[in-house]
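# Structural description and commentary
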Amino acid sequence: MSAIHLQNLVKKFGDFTALKTMDLAIADGEFMALLGPSGCGKSTTMNMIAGMEEPTSGKILFGEKDMAGVPMGRRGVGFVFQNYAIFTHMTVRQNLAYGPRMRGAPRAEIDRRVGAIAEMLQLTPLLERKADRLSVNILQRVAIGRSAIMEPAIFLLDEPLSNVDAAFRAVMRTELKQLQRQFKQTMVYVTHDQLEAMTMADRIAVMDHGVLQQVGTPLEVYNNPANVFVARFIGSPGMNLLKGKPAESDRGLVVDLGPLGVTPPLPDALAPAVRATRGDVFYGFRPEQVALSDRGLTMPVSFVERIGARTIVHLGDGESAVKAVFENDVGLAIGQTAIVAPAAPSVRVFDAATGQAIKAD
Amino acid sequence: MKTVQAKPALRDEGAKLGFRLTLPAQILVLFIAVFPLLMQLYISLTDWSPLSGTGWWNAWSMWNNFANYTDLAVDARFWSALKRTAIVMIVCVPIEFLLGLALATLFADEFPGKRIFYSILLMPMMVVPAVAGYMFFMLFQSGGPVNDLLSAISGMPVTIAWLSDPTLALIAVMVADIWQWTPLMFLILLAGLVGVPEDQIKAATLLGANPWQRFITIVLPKMKTIIIIALAIRVIENFKIFDTLYIMTGGGPGVATETISVYIYKLTTQDLIWGYVAAIALAILIVLSIAAVFAMKRMARAREVPA
């Protein structure tokens, strides 16, 4: 069992800075997802934790121990590769036994440990199978078992579900989560798929352009995005953001969206902080938290997407495009005009200059 | 019913068309492979020679009741040539393999000047074997660069007559073969080495395998097929060793470096006993074919388990 501390971690490849700076504390036994678009530095971070790459500067601590100069074979880290990297020329048993065998464990002990791990992962009937003809979920179990047999304190998973088709991914997600409960290790999970991060992780670290944007539980990150990037990135579709100027009205503080008119009044808790902001702000609200109303933003319907029971209505276009998600068909068609009202508690305001969320005092 | 009846006819049509389309190729194969083979078999059963004063097709009149084959069984020069060929193969092919593998391992990683060294390394392979033979002939002269180098190292004048000593001549010939054909081994093995999936090597490292363990448990098994191919190519090629060797020693001194190819060449051009030559060549072809089939089978079995 081990906590991970990343302190001022920086990684440069020549002129290219993959990771600008990273401070992150991952608790013992926690399932932490590193989430971000490709090129955000999440895999680089993971590779440095595993010891495959040396940080340009900064520290990686496992518990109290500084990992600088500790080679990857000695870090006690289990690593599950994107394509699992199963030794295809060996049997499942040989794959599982690989780690102990390389460390010169006695035969009887290897057999006992392989037996125990195989039992736990339900691989016992497959032990003598060649590893080159296994289905993906079994490959995943072998990959996890092969690392788990070394009893690593830390498990690193590099997008293990990205090669799996969508239908199967749900099964694998459940299985992974169950495995983590079984092993109780600290897990770091790299993914660009927010659904994976949201469903499995205890906390999510959202990254972009080599910078950590926000760390929090899935609900925190969803409900209270720290900045414009997180607001847009998390959620499917992401948060609606409309640029405008704070303005006083007889009903309280509103945001003047120019041609779109003014927004409903901001929640009282937010108003003082927004008043203190100079310049433009982004008025943000979740597409799921929009209601059709007779007062609100009046916008033309530009497109209607139906996904089963859900309906995504696209309103307006360009800078002032808004998406609204309804759980049933609301009877809107292209060309019509809709009046939408964001649910007041879900409204978030961001400073347009810095992109940071404006928090209630 | 009609369609059921039509089917065999259609298949016949297809077979006929296929036969017609491949006819030119079949004729070609007949002329370049089957015909010479049958001709060889025919001549090998006779005493025919170009000096017989009659065409080879009349060789039946010189039928000798398998005398060529019975002679071959007791031909000491043949058996010692075969033994010598085997020795050259047993020494050269493993050395070429190990050197090639070491170089390939070296070249799998990046290092400064890699491209230049790579080109230099491949050059011996591009040299015409006859030219390589002449080059080594000059190098191994008693006043040549090899002795100069040995003199410089030992600090006293060395004047070894490399190509006049039975044992040293064989060594010189093997050095030339290793120089010329290690690059091919290197090239094939490098192709195999870069094909080893990198993440499996990383996975092995993370599981605590040291470089030697990684090489034995991951890299070599993954390269099995390509190693068999490389060895098969070199074993077959090495068995036919001729041009470089012939220019360096002419099979001499005496018969000290006379391999099968050199022996056959001499019988063909000096003794002119073509019936006997045909018998030897056929015997060797059979032996080599058996070896090749064995290698192919191993290869096919290795292929069943793709890397």
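### As for the overall build of chain A
Scanning chain A for helices and strands turns up nine helices and 19 strands. With the principal axes as the frame, chain A shows a C-alpha extent of 80 × 45 × 35 Å. The 361 residues of chain A split such that 41% are buried. At a minimum sequence separation of 6, the contacts of chain A that also span at least 24 residues come to 65%.

### With respect to the overall build of chain B
Scanning chain B from terminus to terminus reveals 13 helices and zero strands. If you list the helices and strands of chain B from N to C, you get α-α-α-α-α-α-α-α-α-α-α-α-α. Computed over C-alpha atoms, the radius of gyration of chain B comes to 26 Å, more than 25% over the 19 Å expected from 2.2 N^0.38 for 307 residues, which places it beyond the range of a compact globule. Its C-alpha atoms give chain B principal-axis dimensions of about 75 × 65 × 30 Å. Split into buried and exposed, the 307 residues of chain B put 26% on the buried side. Considering only residue pairs separated by 6 or more positions, chain B has 70% of its internal contacts joining residues 24 or more positions apart.

### Description of the pairing of strand β10 (residues 211–216) of chain A
Residues and elements named next belong to chain A. Both strand β9 (residues 203–208) and β10 contribute to a ladder of five bridges, which runs antiparallel. Paired with Met207 across the bridge in β10 is Leu212. Hairpin geometry of β9 and β10 is characterised by an intervening segment of two residues between the two adjacent antiparallel strands and by a positive phi of about 50 degrees at His209.

### Topic: the interface of chain A and chain B
Between chain A and chain B, the contact holds 20 residues from the first and 17 residues from the second. Per-class residue counts for the side of chain A that touches chain B are eleven nonpolar, five polar and four charged.

### Some thoughts on the domain arrangement of chain A
Residues and elements named next belong to chain A. As far as domains go, chain A holds domain 1 (4–86 + 134–223) and domain 2 (233–358). Centre-to-centre separation of domain 1 and domain 2, based on C-alpha positions: 35 Å. Taken residue by residue, the interface counts four residues in domain 1 and four residues in domain 2. Here the side of domain 1 that touches domain 2 is composed, by residue class, of three nonpolar, one polar and no charged.

### Quick word on the sheet that holds strand β17 (residues 337–342) of chain A
Residue and element names in this part refer to chain A. Sheet architecture is open: four strands sit in the order β16-β15-β14-β17, paired in antiparallel fashion. In the strand order of this sheet, the two ends are held by β16 (322–326) and β17, each with one partner. Geometrically, the sheet is characterised by an average inter-axis angle of 50 degrees between neighbouring strands, direction not taken into account. In the sheet, strand β15 (residues 310–315) pairs with β16 via five bridges, with the strands oriented antiparallel. In the sheet register, Ile312 faces β16, and the bridge partner there is Val325.

### Comments concerning unusual backbone geometry
All names here are of chain A. Of note, the bond from Ser236 into Pro237 is cis; its omega dihedral lies within 30 degrees of zero at 0 degrees. Turning to its location among the elements, Pro237 is positioned in the loop between α8 (228–233) and β11 (240–249). You will see that Gln122, though not glycine, has its phi angle at about 55 degrees, which is positive. Tracing the sequence through the fold places Gln122 in the loop between α3 (107–120) and α4 (136–148). For Glu151, which is not glycine, the phi torsion reads 50 degrees and is therefore positive. Residue classification places Glu151 among the partly exposed positions, given that 13 C-beta atoms sit within 10 Å.

### Quick word on the pairing of strand β8 (residues 186–191) of chain A
Residue and element names in this part refer to chain A. Within β8, six of the six residues are buried, which leaves it mostly tucked inside the rest of the structure. With burial as the criterion, each face of β8 is covered, one bearing Thr186, Val188 and Val190 and the other bearing Met187, Tyr189 and Thr191. Examined bridge by bridge, strand β7 (residues 154–158) and β8 share five bridges and lie parallel to one another. Of the residues in β8, the one forming a bridge with Leu156 is Val188. Where the polypeptide runs from β7 across helix α5 (residues 166–183) and back to β8, its parallel neighbour, the crossover connection is right-handed.

### Topic: the environment of Leu126 of chain A
In this fold, Leu126 of chain A is placed in the loop between α3 and α4. The class for Leu126 of chain A is partly exposed, based on 17 C-beta atoms found within 10 Å.

### Here we look at helix α6 (residues 145–154) of chain B
Taking burial as the measure, the ten residues of α6 of chain B include zero buried ones, a minor fraction of the element. Where α6 of chain B ends, the next residue or the one after it, Gly155 of chain B, has phi of about 85 degrees, a positive value.

### As for the sheet that holds strand β13 (residues 281–285) of chain A
Residues and elements named next belong to chain A. Overall, antiparallel pairing links the five strands, which are arranged β12-β11-β13-β18-β19 in an open sheet. Whereas interior strands pair on both sides, the edge strands pair on one side only; in this sheet they are β12 (252–256) and β19 (357–358). One ladder, built from two bridges, connects strand β18 (residues 348–351) with β19; its direction is antiparallel. Bridge pairing in β19 links Phe350 to Ala357.

### Digging into helix α12 (residues 260–271) of chain B
Each α-helix turn comprises 3.6 residues. Residues three or four places apart therefore point the same way. Burial in α12 of chain B covers these residues: Ile260, Ser261, Val262 and Tyr263 of chain B. Looking one or two residues beyond α12 of chain B, the residue adopting positive phi is Leu272 of chain B, at roughly 60 degrees.

### What about the packing of helix α2 (residues 92–102) of chain A against α3 of chain A?
Residue and element names in this part refer to chain A. Axis separation between α2 and α3 bottoms out at 9 Å; the angle between their running directions is 130 degrees. Of the possible angle classes, the one that applies to α2 and α3 is oblique. Where α2 crosses over α3, the two elements pack in a sense that is right-handed. When α2 is examined against α3, the residues Arg93, Leu96, Ala97, Pro100 and Arg101 are found in contact with a partner set consisting of Glu109, Ile110, Arg113, Val114, Ile117 and Ala118. Class assignment of the residues belonging to the contact of α2 with α3 gives a composition of seven nonpolar, no polar and four charged.

### Comments concerning the confidence of the model for chain B
On average, residues of chain B carry a pLDDT of 86, and 95% of them reach 70 or more. Interface confidence for the predicted complex, expressed as ipTM, amounts to 0.75; the pTM equals 0.73.

### So, the nonpolar core
Residue and element names in this part refer to chain A. Membership of the largest hydrophobic core comes to 102 residues, with the highest contact counts inside it found for Ala33, Leu156 and Tyr189. Composition of this core by domain shows at least three residues from each of domain 1 (4–86 + 134–223) and domain 2 (233–358). Ignoring any residue separated from it by four or fewer positions in sequence, one finds Tyr189 in contact with Phe31, Met32, Ala33, Leu157, Met200 and Ala201.

The rules we used
Residues numbered from 1 in each chain as written. Chains lettered and ligands numbered in written order. Predicted model: local features only at pLDDT ≥ 70, side-chain atom pairs only at ≥ 80, totals over all residues. Helix = DSSP H or I, 4+ residues; strand = E, 2+ residues; numbered from the N terminus. Buried ≥ 20, exposed ≤ 12 C-beta atoms within 10 Å, placed from the backbone. Contact = placed C-beta atoms within 7 Å. Rg over C-alpha atoms; globule rule 2.2 N^0.38 Å. Pairing = 2+ DSSP bridges. Nonpolar A, V, L, I, M, F, W, Y, C, P; charged D, E, K, R; others polar. Domains from an automatic or database assignment. Axes fitted to C-alpha atoms, helices over the stretch in contact; angles between N-to-C directions. Right-handed = clockwise from strand over helix to strand, strands pointing away. Parallel < 35°, antiparallel > 145°, perpendicular 65-115°, else oblique. Left-handed = near helix turned anticlockwise from the far one by under 90°. pLDDT = per-residue confidence, 0-100. Core = buried A, V, L, I, M, F, W, Y, C linked by C-beta atoms within 7 Å.

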